[in-house]
Amino acid sequence: MIKLNNITHSYGSNPVLHHLNLDFAPNQLTCLLGGSGCGKTTILRLIAGLEIPQEGQVLIEDKIVTENTQIIIPPYQRNTGFIFQDLALWPHFTVYKNIAFGLTERREKHVKETVFKMLSFFGLQEHVQKYPHQLSGGQKQLVAISRSLVLKPKILLMDEPLSNLDVKLKRKILEHIKNLKQSREFGADLTIIYVTHDHKEAFAIADKIVVLNKGKIEETGTVEQIKKSENKFVKYFLEY
Amino acid sequence: MLKQTNCPLSFGHCKLFWIVFVLFTFFIVFPVAYTLITALFTGGSFVDNLLLLNKGTFILLAKSCIIAFSIALFSTLFGTILGLLLYKTNVKYRSWFKIVLLIPLFISPYILAVAWKDFFFIFFNNTSFLSSTFGVILVLTTIFTPLSMLIIGSALSNIDTQLEETGFVITKLHRVIYKITLPLIKPAIISSFVLVFIFSISEFSVPAFFGVKVFTTEIFTQFSAFYNHSLAILQSTLLILICVLLLFSERKYIADAPFISVGGQGTKSKSYDLKNWGLLSVLFLFGWFFITVVLPFIILFVQSFKTGTSSFIQAFELLLPTFGNSIGLAFSGALIIVFVGFIAAYFSSRKAGKTFDWLLLIIFAIPSIIFGISLIKFYNHPILDFIYSGYAIILIGYVGKFSFISAKLIANAIKQIPLSLDEAAQIEGVTFSARLRKILIPLIMPSIIVSFIISFIFCLGELGITIMLYPPGTEIMPIKVFTIMANAPQSLTSSMTLIVFSITLLIITGFYFIVRPFLKKYNTAND
């Protein structure tokens, strides 16, 4: 589904990824787990097309979307959704407009109907005319997820979306994400890549986990495999 | 978000603030309020005085508003285009263009007016186009576009990149600019429009030089030629009302806006890749630089030396006695302005006192010529003669006019410094003055320096206030040029403006090279 071939990327003189190879299976929720600066967010940005690597290829459904220093397919044609850590809800749009923007830009039909379906899935109907600053942290989170899902992307990229929430809210949203995978309407054929530094969060939702350290893969496997891993770094990381 | 400490502004706590506040109110606010109020109510009732304003006054006011509206519209439009190119794209030489395109903002408007008149004279042998509303709009648009560019560029570089990136995942670049980027900087676009409108409607030298009758020239005529002071002040009140209302509405809009366009958490501004448009964009920027900076300079140069070097030498001899006075006045003015600006900025951003901020804003909104009239009317009194008959009255004028800009620049810098830095020192028992000297001031030093340079250059070229306030016998550069150019031959006028233009350019360049390593050091330390 998604392939990263031999990717090298750095920010100025600071190398982040060095000849990285990584595959993501379709219809799975893969968690990229690791500490700060290990390259998790860079991987998401490369897949979305928001970052251009110095070397290597990114393939989505066997099509090369980025090659070396060139974007072959622009971000808006990759059929991806991106949820940022800060959520990036457009502050000048209401909840409705935030969710409907992508649909109207793509000249989709039945915009209102689709938006309201999405709002009712997440229980946000009563907030439809509010601005982001009038919402609670959890509601903002759900609006950001709705905004990405309403376009029915094949890939959903989530960059530590729960890092600013308290434990109770985190659990509630994780439940939503789990339900989402089972939803026919919004979760069918959806590949989710979820970045986190919290292993408990990853264990709660992941089908597969990739543990990263200093731009390199330390371990890959299911939750059980990662828990039983003998890798020194993984053991250390899970301990703390 | 940091919580601001709630200072009751009691005298014991904020001595310095109260001293500066009282001095500013006494020397600047009180004279203006006194002059305006007495003019409105003396010699009859308020209504009787209002009847002095005839239909012609309102037609002239409407004309001035249309001119100012057009200048604000064009400046904001071009400022947005330049801002997008320089602050949001990877266009070549953008750091260089960011500096050189600001030059017209620091050159006195009348200098560029002379250059454009020379240009039309040389190439079309006819200056009637310029001696019209269109001429005023053209020249002032080239002068105020850099101001819009600066305001809009600053907002663009502060946009949270993720807001745009979310758009890139959904739609094309031009749609992201149109639907996300531009609406996010709407407050900056409105601020730019309002500020340029106020500057334009207050502008006196360009319409006066082109012989275009506008509201400010009419007020000047009523005051200086017909000595009809009450009518002049009454007319001024109308202009003040428009400017203050506009500024209040702008402030209210920004305060009520349901969003804040800036302040992304740890995100750097993203540059759009211009791809095939790169060369065209560089050509456009260079064209703008050529038309607004290089061309006026060349034209003035050609006109000055058309008949040999005699005009230039004569101009230099005429201006020589004014250099010391002008530079000294500008330097002293800038020092006081930065001090007042810092005090107002500190207390408005860190304490509960917004009144000073509002006073600075209101005085700033008063057109220069009217502000000058108010000061003359108040200080022209035997007891206050020591102020009226010397340079002090000009300094008071400069401080009143430009402290708002300085306070705004410094307040923006103070808001970026976490309050916790100050609180950490407070817990360790560091005194208030030591915290200011050793923590806050070093951290905002770049803004203080920039504020000083801008104030210095504005004071050096200021004409509207200076022409009303300069005491007889004093030698000040812009006044000398302006009074001589009415009757002097073209080559002498061009030579004088060329000298002032060159001096201003030299000072800007000098400041740039002196301050650059200093700013770099501070920026590196603050990173």
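Please refer to the structure higher up on the page.
Residues numbered from 1 in each chain as written. Chains lettered and ligands numbered in written order. Predicted model: local features only at pLDDT ≥ 70, side-chain atom pairs only at ≥ 80, totals over all residues.

Participant: Account for the overall build of chain A, with residues named and values stated.
Facilitator: Looking only at helices and strands, chain A features 9 helices and 11 strands. The principal-axis extent of the C-alpha atoms belonging to chain A is close to 50 × 40 × 35 Å. Per-residue burial for chain A yields a buried fraction of 45% across its 240 residues. Counting contacts in chain A only where the partners sit at least 6 residues apart, residues at least 24 apart contribute 65% of the total. (Helix = DSSP H or I, 4+ residues; strand = E, 2+ residues; numbered from the N terminus. Buried ≥ 20, exposed ≤ 12 C-beta atoms within 10 Å, placed from the backbone. Contact = placed C-beta atoms within 7 Å.)

Participant: Give me the lowdown on the packing of helix 15 (residues 310–350) of chain B against helix 19 (residues 392–416) of chain B, citing residues and values where you can.
Facilitator: Residue and element names in this part refer to chain B. Running from N to C, helix 15 and helix 19 point in directions that differ by 45 degrees, and their axes come no closer than 6 Å. Taken together, the axes of helix 15 and helix 19 are oblique relative to one another. As helix 15 runs across helix 19, the sense of the crossing is right-handed. Of the residues that constitute the contact of helix 15 with helix 19, the class distribution is 18 nonpolar, 7 polar and 2 charged. (Axes fitted to C-alpha atoms, helices over the stretch in contact; angles between N-to-C directions. Parallel < 35°, antiparallel > 145°, perpendicular 65-115°, else oblique. Left-handed = near helix turned anticlockwise from the far one by under 90°. Nonpolar A, V, L, I, M, F, W, Y, C, P; charged D, E, K, R; others polar.)

Participant: Describe the interface of chain A and chain B, naming the residues involved and giving the relevant values.
Facilitator: At the junction of the two partners, chain A supplies 19 residues and chain B supplies 18 residues. For the side of chain A that touches chain B, the elements supplying multiple residues, two or more each, are strand 7 (80–83) and helix 2 (95–105) of chain A. Its residues assigned to classes, the side of chain A that touches chain B comprises 12 nonpolar, 5 polar and 2 charged.

Participant: Tell me about the sheet that holds strand 6 (residues 70–71) of chain A, residues and numbers included.
Facilitator: Residues and elements named next belong to chain A. Spatial strand order, 2-1-4-5-6: 5 strands in an open sheet with antiparallel pairing. For this open sheet the edge positions go to strand 2 (14–24) and strand 6, each flanked by a neighbour on one side alone. Looking at chain direction, strand 1 (residues 2–11) and strand 2 are connected through 7 bridges and run antiparallel. Bridging across to strand 2, Lys3 finds its partner in Asp23. (Pairing = 2+ DSSP bridges.)

Participant: Could you give an account of helix 4 (residues 137–149) of chain A, with specific residues and numbers?
Facilitator: Residue and element names in this part refer to chain A. Along its 13 residues, helix 4 runs 19 Å from first to last C-alpha, staying within 8% of the 18 Å computed at 1.5 Å per residue. Summarising burial for helix 4: 10 of the 13 residues are buried, a large majority. What helix 4 keeps buried is the set Lys140, Gln141, Leu142, Val143, Ala144, Ile145, Ser146, Arg147, Ser148 and Leu149. (Expected span 1.5 Å × (residues − 1).)

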